[in-house]
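# Coordinate analysis (summary)
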Amino acid sequence: MRRYSTQPVPQGMSPGAKAVVSGICAGAATGAGLWYASQQTDKRAEEQGAVLGSEVSSLRVPAEIPNTDYEHSPKPEYYGDTARPMHERMELLVLDLQDRLVTALESLEPTRKFVWDRWERDDGRGYGISCVLQDGEALEKAGVNVSVLEGTLTPGQLRSMRDRNPQTAQRLRADEEYDFRVAGVSVVVHPRNPYAPTAHKNYRRFEVYRKGAREAGPVMAWFGGGADLTPAYLFDDDVTYFHQTLKHACDAHDPHYYARFKQWCDRYFAIPHRNETRGVGGIFFDDLEDKAPEQLFRFVYDAGNAFIRAYVPLVARRMATPYGARQREWQLVRRGHYAEFNLVYDRGTKFGLMTPGARIESILMSLPLTARWEYMNQPEPGSPEARLLDAVRTTTDWVK
């Protein structure tokens, strides 16, 4: 049984950095993400001693992290083009979110760039763009994928939709056939440094039509998505910053959204066989149609862009922290749990694998490049690793 020592994990956040969180909430967001990321790490380096690998020596916090100030940046044309069909505007949004996040993440890498892989379905019913960076110095594996697809719901997909939502069961008959159209962006980032957290984002719009009757309009249409954080080592200030930034985006559209979607996230990302959640949460929603489509589109625009501000500065802040073999091993163990959720419970993975003609490489992009399963792995009580387990086995209100 492997046990980990009680050597403290490097903490350290100045009072000034803590003020960033409240500043973002108040709307003073310009440059906030970069300032949060740029706090000095010299003391942490002294505490940790020897470094595993040499990649941290070449990493520097960039002078500017692009695309973190979505609130004050000019809106793209599609944002206010209400004459354009909603599915077309959603397609433009997910492509825009992909481009913005790839640019922001590439600002952390000294030399590596994302590979852009455009593909089309053999039957001509959709396309995707998979942007993947592997074996970087800051990012061990990162994927930012867009899919714009249409097709016919399989019996298994229809059954899954009806089972999860009573309203869907009332509006989609089990004995009818339905076509669907979906546009979405899916993101998973696995940093190399164990102190930098993994994160996930997904936003999509799903439309369902009676088979062969698209001209009549959708029988149902909804938005879904969210963003969540999965650290191997717990930094309370980082988690609070992530949640506060997402809450700020939610509050601009509905004062109840954050609390509602945070609880939904905690439930959805549960790993029952481990008696824990995949990480420390964020927001998650599905089948969202409680407001006019235009209002929901603008919420998804803000929430999708807020992820860049919420997450990329955290990687910039932690990516050059020295670490050792113990931290690396624990990171790989936690990645194993991450993979378990994605392969056993995640609805998006299941839907993709049930879709005829699906592109398996893109669906399984979320899996880490490396992971580890150890028999009877158990952290020592009081260790930083045990503290992480305590956090994922309880529900915490990160925004007071």
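The structure presented is a predicted model; accordingly, all values stated were derived computationally and were not measured. Think of each chain on its own: its residues are numbered from 1, step by step along the sequence as written. Whole-chain, interface and lining totals are the exception, using all residues; otherwise, since this is a predicted model, local features are given only for residues with pLDDT of at least 70 and side-chain atom pairs are given and counted only at 80 or more. With hydrogens and water excluded, all non-hydrogen atoms of the structure serve as input to the side-chain values.

### Comments concerning the overall build of the protein
Note on conventions: DSSP H or I runs of at least 4 residues are helices, E runs of at least 2 residues are strands, and numbering of each starts at the N terminus. Of the regular secondary structure elements, the protein holds 13 helices and nine strands. When burial is assessed residue by residue, the protein has 56% of its 400 residues classed as buried. Contacts are assigned to residue pairs that have any heavy atoms within 4.5 Å of one another. Contacts in the protein between residues at least 24 apart in sequence constitute 76% of all its contacts with a sequence separation of at least 6. Note on areas: Shrake-Rupley with a 1.4 Å probe; residue coverage comes only from the protein chains shown. Summed over its atoms, the accessible surface of the protein is roughly 16,700 Å², and 51% of this surface lies on carbon and sulfur atoms. Burial classes follow relative accessibility: with a 1.4 Å probe on protein chains only, a residue under 20% of its type's maximum area counts as buried, one over 50% as exposed, and anything between as partly exposed.

### Focus: the environment of S107
Note on placement: S107 falls in the loop between α4 (86-106) and β1 (115-120). Exposure remark for S107: the relative accessible area of 22% places this residue in the partly exposed category. Separated by 41 residues in sequence, S107 and P66 place their C-alpha atoms 7.5 Å apart. Dropping the residues within four chain positions of it, S107 is found in contact with P62, E64, I65 and P66. Among the polar contacts made by the side chain of S107, one reaches the main-chain carbonyl oxygen of A104 at a distance of 2.5 Å. Two N or O atoms form a polar contact when they lie within 3.5 Å of each other; inside protein one atom must be a possible hydrogen donor and the other a possible acceptor, and for residues adjacent in sequence the pair counts only when both atoms belong to side chains.

### Notes on the side chain of R318
Inspection of the secondary structure puts R318 in helix α9 (residues 293-318). With a relative accessible area of 1%, R318 lands in the buried category. Here D238 takes part through its side chain, which lies 2.8 Å from a polar atom of the side chain of R318.

### Points about the packing of α4 against α9
To characterise two packed helices, one gives the angle between the axes of the helices and the distance between these axes. Fitted lines through C-alpha atoms serve as axes, helices being fitted only where they are in contact, and the angles separating the N-to-C directions of these axes extend from 0 to 180 degrees. Where α4 meets α9, the axes come as close as 10 Å, and the angle between the chain directions of the two elements is 10°. Viewed along their axes, α4 and α9 adopt a mutual orientation that is roughly parallel. Where α4 abuts α9, its residues M86, R89, M90, L93, L97, R100, L101, A104 and L105 lie against P293, E294, F297, V300, Y301, G304, N305, F307, I308 and V312. Residue composition of the contact of α4 with α9, by class: 14 nonpolar, two polar and three charged. The labels follow the angle: roughly parallel below 35 degrees, roughly antiparallel above 145, roughly perpendicular from 65 to 115, and oblique for the rest. Polar here means any residue outside two lists: the nonpolar Ala, Val, Leu, Ile, Met, Phe, Trp, Tyr, Cys and Pro, and the charged Asp, Glu, Lys and Arg; Gly therefore counts as polar.

### Describing the packing of helix α10 (residues 325-344) against helix α13 (residues 384-392)
Relative to each other, α10 and α13 sit at 25°, their axes nearing to 11 Å. Taken together, the axes of α10 and α13 are roughly parallel relative to one another. In the packing of α10 onto α13, the handedness of the crossing is right-handed. Here α10 contributes R326, W330 and R334 to the contact with α13, which in turn contributes P384, E385, L388, L389 and V392. By the definition used in this description, the sense in which the near helix is turned from the far one sets the handedness, with an anticlockwise turn below a right angle giving left-handed and a clockwise turn giving right-handed.

### Some details on the confidence of the model for the protein
By definition, pLDDT measures how confident the predictor is in each residue, and it falls between 0 and 100. Averaged over all residues, the pLDDT of the protein equals 87, while 86% of them reach at least 70. Predicted confidence is poor over residues 12-30, with pLDDT under 50, and the contacts of this stretch with residues over four places away or in other chains come to 36 contacts. Considering only residues more than four positions removed or in separate chains, one finds that residues 39-50, a stretch of pLDDT under 50, has 23 contacts.

### Describing the nonpolar core
For this analysis, a nonpolar core means a set of buried residues of the types Ala, Val, Leu, Ile, Met, Phe, Trp, Tyr and Cys, connected via side-chain atoms within 4.5 Å. Membership of the largest hydrophobic core comes to 77 residues, with the highest contact counts inside it found for V144, F242 and F299. For V144, the residues in contact, after removing those within four places along its chain, are Q98, L101, V102, L105, F114, I129, S130, C131, V185, S186 and V187. Listed in part, the 13 residues of the second largest apolar core include W119, L158, L172 and M220.

### Things to note about the pairing of strand β2 (residues 126-134)
Most of β2 sits out of view: seven of its nine residues are buried. Two strands are said to pair when DSSP picks up at least two bridges between them. Where β1 and β2 come together, six bridges link them in antiparallel fashion. Residue pairing across strands places D117 opposite S130, the latter belonging to β2. Between the antiparallel neighbours β1 and β2 lie five residues, among them G124 with a positive phi of about 75°. The sheet contact formed by β2 and strand β3 (residues 139-152) spans nine bridges and is antiparallel. Looking at β3, one finds that Q134 is bridged to K141. The hairpin formed by β2 and β3 contains four residues between the paired strands, and D135 there has a positive phi angle of roughly 60°.

### Examining the packing of aromatic side chains
In this scheme Phe, Tyr and Trp rings, the latter by its six-membered ring, pair at centre separations within 6.5 Å, and the angle between planes marks the pair as stacked below 30 degrees, edge-to-face above 60, and tilted otherwise. By the definition in use, this model includes 22 aromatic pairs. Residues F261 and W264 carry aromatic rings whose centres are separated by 6.3 Å and whose planes lie at 50° to one another, so their mutual orientation is tilted. Within this pair, F261 and its partner W264 are both found in helix α8 (residues 257-268), separated by three residues, close to a single helical turn. Residue F261 is classed as buried on the basis of its relative accessible area, which comes to 0%. Following the ring pairs from residue to residue traces out a cluster consisting of Y203, Y257, F261, W264, Y268, F269, F284, F285, F299, F341 and Y345. Directly above the ring of Y127 sits R118, whose terminal nitrogen or CZ lies 4.3 Å from the centroid. Geometrically, a lysine NZ or arginine CZ counts as sitting over a ring once it is within 6 Å of the ring centre and also within 35 degrees of the ring normal.

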